[in-house]
Amino acid sequence: MRVLKRSRVRSAAVLGAAALLTVGLVGCSSDNGGSEETDTAASTETRTFEAQNGSIEIPADPQRIVACGYAVLPLIQADANLAAVCEWTRETENMDEETLAAYEELPKVAPDMSVADLNYEAITMAEPDLIIMGVPAMVQEQLDMATLETLAPVVFLGPSIPGQWRELGEQFADAANVSDAYGEFKDEYDARAAELADKYAGTLGGLKFAGVCSECGTNPGEYMREYKSSYTSNLFDDLGFDFPGEPADPAITHGEYLSFEKLPENLGDADVIVYGIEADGSVTPALQELFDSPLWKELPAVKAGNLVAVKHANAATYETALLALDSIDAALEKLPANQSQ
């Protein structure tokens, strides 16, 4: 079993470079070490950051960050200076004990997936020097950006598709000045993804994959079909598999809600179907309802047993996506389609 470990401190080399830079900025130190002048310089130095809401002047080394959405877990993992966060319960199963404890200790300023209920008073009490909003781009209009900007510089970096966590995670870390810690797992992830892409290219590379979202708030008799770069399917983005198709609504490119009656026409040509499961192997009630449908049971991929159940399917950082890749590897290895090719 892979064990996740958070970096508690930044590398000595980076700290040393930062210390030299700070000394250069404040000039010669006083007899008592000049610590007060150094701290003041460190807290007031700024830089320009390119965000989706424009060129924002932010602290070079922010000390009290409020983070929301996709920014929460990457910044906890990278040991950023967080003062408060929005809830991010969708990935609590991906967190090791230390990460989960750090998450639970932080004050929460909004319920999970509800920035419309952002508590501006709680953000004020957190006394932020930087606010990083990583909520989906489609809900930016629900934020009172004017009020937020009176509290601290606001960096908005919101995904338009779930698979954008890769580049956005690195941007969150950059804004928080913890790129060195966050990048620790990128090389390992890239190597693991390349390994799996090579391992299954010959047996599965020419097949049609389709995804079903396990936790997308469906109504009874309804499921969410996932296309490329959606919540679960994005974990296959770097593996070379084909998730063809697109939603009828061009405004939403990665998935759509469909009735069970559309299962034959929508998933009937899929060679392999992927979906998320809980860490203990169980499925959500909505997914179980889908599995119980006679139309689901008649799908060619289902009858052939070509189903890929993915643990940690909500992973949205390099660190936690490594867990998902391990699960994907285990499922693909025993897939009937992999054996028959």
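A. View of the pairing of strand E10 (residues 272-277). Burial within E10 is extensive, with 6 of its 6 residues counted as buried. Across the two faces of E10 the burial is the same, with Val272, Val274 and Gly276 and Ile273, Tyr275 and Ile277 all buried. The sheet contact formed by E10 and strand E11 (residues 307-311) spans 5 bridges and is parallel. Paired with Gly276 across the strands is Val310, a residue of E11.

B. Representation of the packing of aromatic side chains within the structure. A full pass over the atoms with the stated rule returns 13 aromatic pairs. Judged by centre distance (6.1 Å) and plane angle (75 degrees), the rings of Trp165 and Tyr189 are edge-to-face. Here Trp165, found in helix H7 (residues 165-176), pairs with Tyr189, found in helix H9 (residues 186-204); they are 24 residues apart in sequence, far enough to count as distant. As far as the burial class goes, Trp165 and Tyr189 line up, both buried. Their ring planes at 50 degrees and their centres at 6.3 Å tell us that Phe236 and Phe241 sit as a pair that is tilted. Here Phe236 and Phe241 have matching classes, each one buried. The ring of Tyr103 is capped by Lys108, whose NZ or CZ atom sits 4.5 Å from the centre of that ring.

C. The arrangement of the pattern of salt bridges in detail. Going through the model one piece at a time under the given rule, you end up with 11 salt bridges. One salt bridge in this structure joins Lys303 and Glu298, with 3.5 Å as the shortest N-O distance. One continuous salt-bridge network, built from bridges that share partners, spans Arg192, Glu195, Lys199, Asp326, Asp329 and Glu333.

Cut-off values and rules
- Residues numbered from 1 in each chain as written.
- Predicted model: local features only at pLDDT ≥ 70, side-chain atom pairs only at ≥ 80, totals over all residues.
- Heavy atoms only, no water.
- Buried < 20%, exposed > 50% of the residue type's maximum accessible area, 1.4 Å probe, protein only.
- Helix = DSSP H or I, 4+ residues; strand = E, 2+ residues; numbered from the N terminus.
- Pairing = 2+ DSSP bridges.
- Phe/Tyr/Trp six-rings, centres within 6.5 Å; stacked < 30°, edge-to-face > 60°.
- Lys NZ or Arg CZ within 6 Å of the ring centre and 35° of its normal.
- Salt bridge = Lys/Arg side-chain N within 4 Å of Asp/Glu carboxyl O.

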